[in-house]
Amino acid sequence: MVEQVALVIGGIAGGLLLLLLIGVSCCLWKWLCSKFTYEELPGTTAASIPQGDQLCQLHARTQTSRLLGVPFVVPPSLQSQDWVPLHSREWAQVPQGPCLAPEVLPHTTGSNLGDVRLVGTINPELYKFPEDDSETDFPEGCLGRLWFSVEYQQEAERLLVGLIKARLQALSETCSPLVKLHLLPDERRFLQSKTKCKTTNPKFDEHFIFQVSSKSISQMVLRFSVYHVDRQRKHQLLGQVLFPLKNETLAGDCQRIIWRDLEAESLEPPSEFGDLQFCLSYNDCLSRLTVVVLRAKGLRLQEDRSFVSVFVKVSLMNHNKFVKCKRTSAVLGSANPMYSETFSFKAEPTELDTASLCLTVLQSTQGDKSHQLGRVVVGPYMHARGKELEHWNEMLSKPKELVKRWHALCHASES
């Protein structure tokens, strides 16, 4: 009897302990569930996105399109991250890095979040090349511009000339240009491009070959003459480009793409002793007087032209006293030599009222002797008159600019 009573009491005690354990387990489960459950955010209005995080525009679109009856909850794995308050009972995560938005990307120049561009579309602003100044920067009175390439093959002794394109100014669209190429001093033989009909911006893309020995290449000048072909097939000269083939321009056996402005052909007949073209420039900040000897024409050479050379001597004078002298390279056997050589002299601004430049064209003969073909003196009123004085004054009125002019040569007794 006692054993039965003890067994009943033990069963009751065990049942109570089991119930107690179940109750504790339930409480613990509820506590754990309440701790790790998703936090519900009441309201479904879109959370505003920080102004600097424009890449997260996709999330704003997703939230604004969400239905009001669908709550948004934060997963437990993201609850430990930083969140910033927005407004009443809404939270947004602090941006930790670039947000993946596969649908939209912000416009590169937009400052607001509404300026977006779909992935896969082309933004023209990103593909614009910087504008080439040589295509638009034309000086006043420019007749046009010509682009070409020059390459000299030393072993084959061939001059390769590529005619690329041209841009002609102040002409109607009915212009039909073509280009003739001469290798001066040979005026008889030339090569010619195809005629481009009714265009002021012709693209030629043509190549020409001249057979020239390496000994004489540096003495030659490449001339491009641009013509308009009218309905009667007559050629009207629009302008020309003269390109001296110096050793330094052809060094390296590589192709060089060059552009030059067209120049009008001088319609004035040569003077009695010929003419000389050169540029003057003065930089008052550096006290530097610059002379660019370009070319001469109509020179009266002595003896056989094939055995003579012509050069120009540039002398700086002050009160008719010699200061410094420089000379160009010699050009063989040509009455119209091309130089394109630059010389600089030191001259203080206070010396310009008494200084002058004397440019003398000389022809070398047998031995070390030289024969004077003519000369020209430019300077202030003390030393020059007429065009020579105008050239000097224009140089002073346009500092740091090259002023180019033709001058008639005269003998020493006349200057």
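Rules used in this analysis
- Residues numbered from 1 in each chain as written.
- Predicted model: local features only at pLDDT ≥ 70, side-chain atom pairs only at ≥ 80, totals over all residues.
- Heavy atoms only, no water.
- Pairing = 2+ DSSP bridges.
- Helix = DSSP H or I, 4+ residues; strand = E, 2+ residues; numbered from the N terminus.
- Axes fitted to C-alpha atoms, helices over the stretch in contact; angles between N-to-C directions.
- Salt bridge = Lys/Arg side-chain N within 4 Å of Asp/Glu carboxyl O.
- Buried < 20%, exposed > 50% of the residue type's maximum accessible area, 1.4 Å probe, protein only.
- Contact = heavy atoms within 4.5 Å.
- Polar contact = N/O pair within 3.5 Å; in protein donor to acceptor, adjacent residues only side chain to side chain.
- Expected span 1.5 Å × (residues − 1).
- Arc of directions from axis to C-beta.
- Core = buried A, V, L, I, M, F, W, Y, C linked by side-chain atoms within 4.5 Å.

J.: Hey, could you go over the sheet that holds strand E8 (residues 158-168) for me, with residue numbers and the actual values?
T.: Taken in spatial order, the four strands of this open sheet run E11-E8-E7-E14, and their pairing is antiparallel. Whereas interior strands pair on both sides, the edge strands pair on one side only; in this sheet they are strand E11 (203-211) and strand E14 (256-261). Sheet twist, expressed as the mean angle between neighbouring strand axes with direction ignored, is 25°. Strand direction decides the pairing type here: strand E7 (residues 144-153) and E8, joined by 10 bridges, are antiparallel. Bridging across to E8, Phe-148 finds its partner in Leu-163.

J.: Summarise the pattern of salt bridges; cite the residues concerned and give the values.
T.: If you walk through the whole model with that rule in mind, you get six salt bridges. The residue Glu-263 makes a salt bridge to Arg-295 at a minimum N-O spacing of 3.0 Å. Linking Glu-263 in the loop between E14 and strand E15 (275-283) with Arg-295 in strand E16 (residues 288-297), this pair joins segments that are 32 residues apart in sequence. On the basis of relative accessibility, which here comes to 27%, the residue Glu-263 falls in the partly exposed class. Here Arg-295 falls in the buried class, since its relative accessible area comes to 12%. A salt bridge links Lys-404 to Glu-263, with the shortest nitrogen-to-oxygen separation between them at 2.9 Å. Residue Lys-404 is found in strand E23 (residues 403-408), and its partner Glu-263 is found in the loop between E14 and E15; the two are separated by 141 residues along the sequence.

J.: Kindly report on the pairing of strand E17 (residues 309-318), identifying the contributing residues and their values.
T.: The buried count for E17 comes to nine of 10 residues, which makes it a mostly enclosed element. Sheet analysis places E17 next to strand E19 (residues 331-332), joined by two bridges and oriented antiparallel. Bridging from a neighbouring strand, Val-310 pairs with Val-331 of E19. Across 10 bridges, E17 lies against strand E21 (residues 355-364) in antiparallel orientation. Within the sheet, the bridge partner assigned to Asn-318 lies in E21 and is Ala-355. In this antiparallel pair of consecutive strands, E17 and strand E18 (residues 321-327), the connection spans two residues, and His-319 shows a positive phi of 55°.

J.: Go over the environment of Glu-206, please, and point to the residues and values.
T.: Structurally, Glu-206 can be placed in strand E11. In this structure the C-alpha to C-alpha distance between Glu-206 and Ser-193, which are 13 residues apart in sequence, comes to 7.1 Å. In contact with Glu-206, not counting residues within four places along its chain, are Val-161, Gly-162, Leu-163, Ser-193, Lys-194 and Lys-196. Within the local environment of Glu-206, its side chain forms a polar contact with the backbone nitrogen of Lys-194, the two atoms lying 3.1 Å apart.

J.: Break down unusual backbone geometry for me, citing the residues and quoting the values.
T.: If you check the backbone angles, Lys-198 has positive phi at about 50° while not being a glycine. The exposure class assigned to Lys-198 is exposed, which follows from its relative accessible area of 62%.

J.: Can you lay out helix H4 (residues 386-397) for me, pointing to particular residues and giving the numbers?
T.: Taking 1.5 Å per residue, 12 residues should reach 16 Å; H4 reaches 17 Å between its end C-alpha atoms and fits that length. Among all positions in H4, only Glu-388, Leu-389, His-391, Trp-392 and Met-395 are buried. Buried residues of H4 fall within an arc of 160° about the axis and therefore sit on the same side.

J.: An account of the nonpolar core is requested, with residue identities and associated values reported.
T.: One finds Leu-276, Leu-289, Val-293, Val-314, Leu-357 and Leu-359 to be the most contacted residues of the largest nonpolar core, which totals 33 residues. At the level of secondary structure, the elements contributing two or more residues to this core comprise E15, E16, E17, strand E20 (338-346), E21, strand E22 (370-378) and H4. The contacts of Leu-359, once residues within four sequence positions are left out, are Leu-276, Phe-278, Val-291, Val-293, Val-312, Lys-313, Val-314, Gly-374, Arg-375 and Val-376. Listed in part, the 27 residues of the second largest apolar core include Leu-146, Tyr-152, Ile-217 and Phe-224.

J.: So what's going on with the side chain of Ser-281? Which residues, and what values?
T.: Along the chain, Ser-281 turns up in strand E15. At 3.3 Å, the side chain of Ser-281 and the backbone oxygen of Glu-401 are in polar contact. Beyond its immediate sequence surroundings of up to four residues, Ser-281 is in contact with Arg-288, Leu-289, Thr-290, Met-395, Lys-400, Glu-401 and Leu-402.

J.: Could you give an account of the sheet that holds strand E13 (residues 235-244), with specific residues and numbers?
T.: The antiparallel open sheet is built from four strands, whose spatial order is E10-E9-E12-E13. In this open sheet, the two edge strands, each paired with only one partner strand, are strand E10 (190-192) and E13. With strand direction ignored, the average angle separating the axes of adjacent strands in the sheet is 20°. In the sheet, strand E12 (residues 221-229) pairs with E13 via nine bridges, with the strands oriented antiparallel. Its bridge partner being in E13, Ser-225 is matched across the sheet by Gln-240.

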